[in-house]
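# Observations on the model geometry
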Amino acid sequence: MARPGGSAWTALARRGVLQCGAGRWSRGVQGSRRGVSTAVDEVEPQGGGGEDSGGAVAGRRPDLGTLDADSEVFAQAISSSSVLTTVRECRQQYPGSVLLVRVGDFYELYFEQADEVGGAVLGLQVVDKKFRSGTVRFTGFPARSLLRYVEILVARHGLSVALCEQFQEPMRRSFTRKVTRVITPGTLIDESCLDDIGVHNYILCIADASAPVAPRAEAQVRRRRGRPRKSPDSTPPSEADAGDAVADEVPLCLAWLDLATGSFMASTSSSAGLSADLARIRPREILVSDSDARVQSLVASMFPAHAPGRPAVARVPAASFAQYMAAQPADSGALAGPLNPNSQYPMAAPALGASPDRLLAAAELADGERAAACALLSYVAATQLGLLPPLQPPRRYSAESHMRMSAATMDALELVRPAGGAGASATTTLLGEINLTRTSAGSRLLATRLTAPSTSADIIEQRLDLVEFFSAAPRVRELIRARLANVGDIERAVNKLSLNCGGPHDLLEIARSLREVAHIKQALDDHVDAASRPPDAAASVAAGRPRRQRPTASAASHRKRPEMAAIVRRHAQALQALPGLVRDIGDRIRSDAERDVRAFGFLKPNCNEQITQLHAQLAAKHQERQQLQQQWQAAYACASLRLDSMPALGHFIEVARRDAARLQESGAFRMVQTLKSRVRFENAQWTHLLSEIELLRARLCAEEMRAFEELRDRVLEASATIRTNSRVLANVDVAISMAIVAITRQYTRPRLAPDDGSAPDHTIAGGRHPVIETQLLGSGRQFVSNDCAFSAADGRVLLLTGPNMGGKSTYLRQIALTSILAQMGGFVPADSARLDIADAIYSRIGARDNLALDQSTFMVEMVETAHILTRATARSLVILDEIGRGTATADGVAIAYATLKYLHDTVRCKAVFATHYHELVPHVVPALPALRTLHTAVHEDGRGGFAFLHKVRPGVYSKSHALYVAQIAGVPKPVLAMARDFAAAGLVRPSH
Ligand code: ADP
Ligand code: MG
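Residues numbered from 1 in each chain as written. Chains lettered and ligands numbered in written order. Predicted model: local features only at pLDDT ≥ 70, side-chain atom pairs only at ≥ 80, totals over all residues. Heavy atoms only, no water.

## With respect to the overall build of the protein chain
Check the secondary structure of the protein chain and you find 31 helices and 29 strands. A buried classification covers 54% of the 992 residues belonging to the protein chain. Split by element, the accessible area of the protein chain, about 41000 Å² in all, is 52% carbon and sulfur. (Helix = DSSP H or I, 4+ residues; strand = E, 2+ residues; numbered from the N terminus. Buried < 20%, exposed > 50% of the residue type's maximum accessible area, 1.4 Å probe, protein only. Areas by Shrake-Rupley, 256 points an atom, 1.4 Å probe, with all protein chains shown as cover.)

## Things to note about the confidence of the model for the protein chain
Predicted confidence across the protein chain gives a mean pLDDT of 79, with 76% of residues reaching 70 or more. The model gives residues 1-74 a pLDDT under 50, and that stretch makes 205 contacts with residues more than four places away or in other chains. (pLDDT = per-residue confidence, 0-100. Contact = heavy atoms within 4.5 Å.)

## Some points on the packing of helix α21 (residues 609-635) against helix α23 (residues 684-717)
It is the contact of α21 with α23, at a shortest axis distance of 10 Å, that shows an interaxial angle of 160°. Classed by the angle they form, the pair α21 and α23 counts as roughly antiparallel. Crossing of α21 over α23 shows left-handed handedness. The residues of α23 that touch α21, namely those facing Gln610, Ile611, Leu614, His615, Gln617, Leu618, Lys621, His622, Glu624, Arg625, Leu628 and Trp632, are Gln685, Trp686, Leu689, Glu692, Ile693, Leu696, Arg697, Arg699, Leu700, Glu703 and Glu704. The residue makeup of the contact of α21 with α23, split by class, is ten nonpolar, five polar and eight charged. (Axes fitted to C-alpha atoms, helices over the stretch in contact; angles between N-to-C directions. Parallel < 35°, antiparallel > 145°, perpendicular 65-115°, else oblique. Left-handed = near helix turned anticlockwise from the far one by under 90°. Nonpolar A, V, L, I, M, F, W, Y, C, P; charged D, E, K, R; others polar.)

## Considerations on the site of ligand 1
Surrounding ligand 1, one finds 13 residues, the nearest of these being Val784, Met805, Lys808, Ser809 and Thr810. Between ligand 1 and Thr810 there is a distance of 2.6 Å, counted from an oxygen atom to a side-chain nitrogen or oxygen. For ligand 1, whose unbound accessible area comes to 550 Å², protein coverage reaches 81%. Ranked by residue count, the leading element in the shell around ligand 1 is helix α26 (residues 808-823), at three residues. Taken together, the residues of the shell around ligand 1 sort by class into five nonpolar, seven polar and one charged. (Near = heavy atom within 4 Å. Polar contact = N/O pair within 3.5 Å; in protein donor to acceptor, adjacent residues only side chain to side chain.)

## Some details on the sheet that holds strand β22 (residues 786-790)
Note on sheets: strands pair through backbone hydrogen bonds, and any given pair is parallel or antiparallel. Taken together, the four strands give an open sheet; going across it, the order is β20-β24-β21-β22, and neighbouring strands pair in mixed fashion. Looking at the sheet topology across the chains shown, the edges are occupied by β20 (751-752) and β22. Note: strand β21 (residues 762-767) against strand β24 (residues 832-835), three bridges, orientation antiparallel. Bridging from a neighbouring strand, Ala765 pairs with Ser832 of β24. Strands in contact with α26 are β21, β22 and β24; relative to β22, the strand with the most contacts, it is inclined by about 70°. (Pairing = 2+ DSSP bridges.)

## Focus: α26
The end-to-end C-alpha separation of α26 is 23 Å, in line with the 22 Å expected for 16 residues at 1.5 Å each. For α26, a buried count of 13 out of 16 residues is recorded, marking the element as mostly surrounded by other parts of the structure. Gly825 sits one or two positions beyond α26 and adopts a positive phi of about 100°. (Expected span 1.5 Å × (residues − 1).)

## Some thoughts on the sheet that holds strand β16 (residues 642-646)
The sheet built from four strands is open, its strands ordered β16-β17-β19-β18 with antiparallel pairing. Bordering the open sheet on either side are β16 and β18 (670-674), each of which pairs with just one other strand. The mean angle between the axes of side-by-side strands here comes to 40°, regardless of whether they run parallel or antiparallel. This element, α21, spans β16 and β17 (650-656) of the sheet and lies at about 125° to β16.

## Observations regarding the nonpolar core
Of all hydrophobic cores here, the largest spans 128 residues; its most connected members are Phe470 and Ile480. Ignoring any residue separated from it by four or fewer positions in sequence, one finds Ile480 in contact with Phe470, Ile520, Ala523, Leu524, Val732 and Ile736. Of all hydrophobic cores here, the second largest spans 33 residues; its members include Ile203, Cys205, Leu359 and Leu499. (Core = buried A, V, L, I, M, F, W, Y, C linked by side-chain atoms within 4.5 Å.)

## What to know about a nonpolar patch on the surface
A cluster of nonpolar side chains, namely Val971, Val975 and Met978, defines an oily patch on the protein surface of about 250 Å² accessible area. The residue Val971 is located in the loop between α30 (962-968) and α31 (973-984) in this model. (Patch = residues over 30% accessible without salt bridge, like charges linked within 9 Å, V, L, I, M, F, W, Y side chains within 5 Å. Salt bridge = Lys/Arg side-chain N within 4 Å of Asp/Glu carboxyl O.)

## Thoughts on the pattern of salt bridges
What the rule picks out here adds up to 38 salt bridges. Taking the shortest distance from any N to any O, the salt bridge between Asp465 and Arg749 comes out at 2.9 Å. One end of the pair, Asp465, is in helix α14 (residues 457-472); the other, Arg749, is in the loop between α24 (719-744) and β20, and 284 residues separate them in sequence. With relative accessibility at 1%, the residue Arg749 sits in the buried group. The shortest N-O distance in the salt bridge between Glu468 and Arg749 comes to 2.7 Å. Placement of the pair is Glu468 in helix α14 and Arg749 in the loop between α24 and β20, with a sequence separation of 281 residues. Its relative accessible area of 0% is what places Glu468 among the buried residues. Linked by salt bridges that have partners in common, Arg444, Asp489, Glu491 and Arg492 make up one network.

## Let's talk about the packing of aromatic side chains
This structure, assessed with the given rule, holds nine aromatic pairs. Geometrically, the ring pair formed by Tyr110 and Phe138 is tilted, given 5.6 Å between the ring centres and 35° between the ring planes. One end of the pair, Tyr110, is in strand β4 (residues 106-110); the other, Phe138, is in strand β6 (residues 134-142), and 28 residues separate them in sequence. Accessibility classification places Tyr110 together with Phe138 in one group, the buried group. Measuring from centroid to centroid gives 5.5 Å for Tyr636 and Phe669, while their planes differ by 80°, and the two rings are edge-to-face. (Phe/Tyr/Trp six-rings, centres within 6.5 Å; stacked < 30°, edge-to-face > 60°.)

## Looking at the environment of Ile722
If you trace the backbone, Ile722 turns up in helix α24. Residue classification places Ile722 among the buried positions, given a relative accessible area of 1%. Residues Ile722 and Val517, 205 residues apart in the sequence, show an inter-C-alpha distance of 9.9 Å. For Ile722, the contacting residues outside a window of four places in its chain are Ile490, Val494, Ile510, Leu578 and Val715.

## Some words on unusual backbone geometry
With a phi angle near 50°, Arg282 is a residue other than glycine that sits in the positive phi range. Its location among the elements puts Arg282 in the loop between α7 (274-281) and β12 (285-289). A relative accessible area of 33% means that Arg282 is categorised as partly exposed. One non-glycine residue with positive phi stands out, namely Ala637, at about 50°. Within the fold, Ala637 resides in the loop between α21 and β16. By relative accessible area, which is 56% here, Ala637 ends up exposed.

## As for the pairing of β18
Note that β18 and strand β19 (residues 678-682) share four bridges and pair antiparallel. Bridge assignment links Met671 to a residue of β19, and that residue is Phe681. Counting the residues that bridge the hairpin from β18 to β19 gives three residues.

## Some thoughts on the environment of Val127
Inspection of the secondary structure puts Val127 in strand β5 (residues 127-131). Linking Val127 and Gly140, residues 13 residues apart in sequence, is a C-alpha distance of 9.8 Å.

## Observations concerning the side chain of Ser726
Position of Ser726 among the secondary structure elements: in helix α24. Not counting residues within four places of it along the chain, the set of residues in contact with Ser726 comprises Ala441, Ile490 and Glu491.

## Focus on helix α3 (residues 82-93)
In this model α3 runs 16 Å from its N-terminal to its C-terminal C-alpha over twelve residues, within 8% of the 16 Å that 1.5 Å per residue would give. Taken together, the buried positions of α3 are Val83, Leu84, Thr86, Val87, Cys90 and Arg91. Taken around the axis of α3, the buried residues stretch over an arc of 155°, which confines them to a single face. (Arc of directions from axis to C-beta.)

## Re the environment of Glu249
Its place among the elements puts Glu249 in the loop between α6 (215-225) and β10 (251-258). Ignoring anything within four residues of it in the chain, the contact list for Glu249 reads Ser270, Ser271, Ala272 and Arg871.

Pasting the structure below:
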């Protein structure tokens, strides 16, 4: 197991999160004052039984003001309390964090954080707590509710929490307290705190690639490499085709990590591409250099204050961007040593996980990407107090191998987020529509593919092969699907274990999932031959709801079956079930083990000889205790006598007050405490017996911990295999999900047109909109399918006219969604499709203000149009809906004309252009030879009535039927009548 090492690294961990480099980790605290929006149980704050618990007293709040941890007042208040001493030390070390201190069975907040966070954010009751030297504001909640409160503070309010745990030395009553973990929005890994573990929880770091990493670090980097290195992707991909408009772009490098699953990526981008990157990655927390005002203001401009879903932004020391740059790859192995400052405690693991130096040395990254990854890892390591999960080196996200989509495009097409904002239903998104995955890892993979479809024909074909295999093999598909339902989030379990946040429960989850891996591997092996047999088409349809008769998914196949079988076989071979590990976990850990490793008794009593013996000895001692109690009850005729112990008091014998005299007279018992109705005594025999019991329990605890740590280390040693299993299963899960969608909704396998750079070759027959089709079906209506073709004969630019509500926007979107589905490796909602691979999809759809960013509807429209015109290439697919609508008609038509001509003549991309402005037609048709006109058809009955046919046909339609739409929408009759009169008066003449 790799040990994190490096003197700077160790020093960082030792000094703690806040003293890294010259600067301090600081956080743009947001949301903490948004008021109490949370309904949580109020708990009665109590002393948790620790050594400092004074009673809670009502009274005036001492004037401590906002805590200055060095202040005199504070020094006085803490002089007699070790809890308060800890609070001061931790608050000094972690000034930007909410400090939760474990005292007994409670987590407590002190001083101004009690009111400002405990009271205002968590809705807890705040009281004054009495200490010898005065009273202090304080509140708390039961330890078992920790994750619920962490979720409120971190996930909902974007705050950072420093968790200060207590550790009791075995056989001693004193406690030591240490911060074991700092939880920030981007390093939150507990699944119960995340609203959706089906998407990644990324923390992302942005480095300005044009700025030197750091003068000293750069020299070190050069020395390490021996020569200046050209980055593998030093030119931002979009820059090549962007022209003058992007000359003042700032090149940026990004690194992003999902700490819980280990997904670690890096890429090169630019200031102009950042919003698309952020829309795709959707980080929860963004790290920027504390000395880079340009990047800071760029990020701030993208996330207006109080915007929903706004990520937390943390400033990190500029020096951390060079943290691991200087290390020689060869050094890193030698730089071992305990990283975790808590290693004397049972919960603290030996240094596990990856070494950042080695990780980064192994990665092929551009300098700026490496710098971003450095700062990211040093921040994560600092929050985890030196621990890192067993990560793989960051993988480069290459913009060229993925379809580019702007943030506006992803929003407009509702890929993963509904356009109506956070409150809107997820069923309107494409992800919601096609996500039938059974595992969290599968769901994450599907979301990732959807926001970053591939541009590689090979990759797309391989994914399609797997989908086709499963769509043609219903038995194996259903068998594996049932197995997948039992597979846990094993990447997350491994990472939790490596970060000391995991417990026996995670071991069980890994074992359970690995058992399913064995079955799935077997099922794939057994059925791989099925790929070479003709598919059982009837059976494949039986799994879904048979609807209209369309060609079945597999009928469209054009790949050879042996190729498919090879891909399935590769997946089966990559799975490794680790039977030895599974057996040992099953043999040792009780199936009802709790999540917390400190919950004693998770090991099976018969799991090894020593544990069996200790259990037997402990049972004997408990028997002895029972006998002693009965013996004394009989001897002193005292049925109320109990042998007992309490952490604060130690061992004692308790009797009812009326029986106390008999014990006192005997001389064998020493009275230690008198309560209202009971009296407590001490006796050497019970003291001795209890210490024997405690010793045995301590030995059992240590044995349990040893057994747990041994299993955990074995899991971590196998982490690469477990991660591979998880990836393969996620792949299979996604393919099965797509296969079921294909079968139940009559999707078809797309054919990819060869990319020979000639005329477009993009034809969809009987295409549908995947989401609207389902919505219409829900209300008993049927979606009207439409064809679409781009070719030398059919044109490259399509001008679509038609009445309001005729189906123009739907048609545009379904063309874009079909390409996205195909390039992510899925079947498409069409009778057949032959598609060019698009390098990018750009859309300008719908009118909306972005008032939060101070942009009017027209401004938003023009910003998006400018983005498209400067970035689209001949291989892009562009859909434009109602360009120029946000301004006066004459200007709007002019802009629409120029945009259309530029796309046609200069960009030469495939484009569909929906417009109300039929005035355009006489101007563009003769001038643009590759333009064709289409319209959405309407059936008119000749008496003024009409019906939308939603069918797209060649030609132009010049009526808007706006008054009819207004009537359906419920505009009052008098208003409609006035509008009709006004139109009839011909004051504003529509041009035909
Ligand atoms: P437009 O952009 O022309 O105003 P939309 O594309 O917004 O029209 O479509 C309006 C409504 O018409 C949609 O919400 C949908 O209910 C229905 N619709 C559109 N296209 C189709 C279709 N192909 N088949 C059935 N209904 C459709
Ligand atoms: Mg429309």
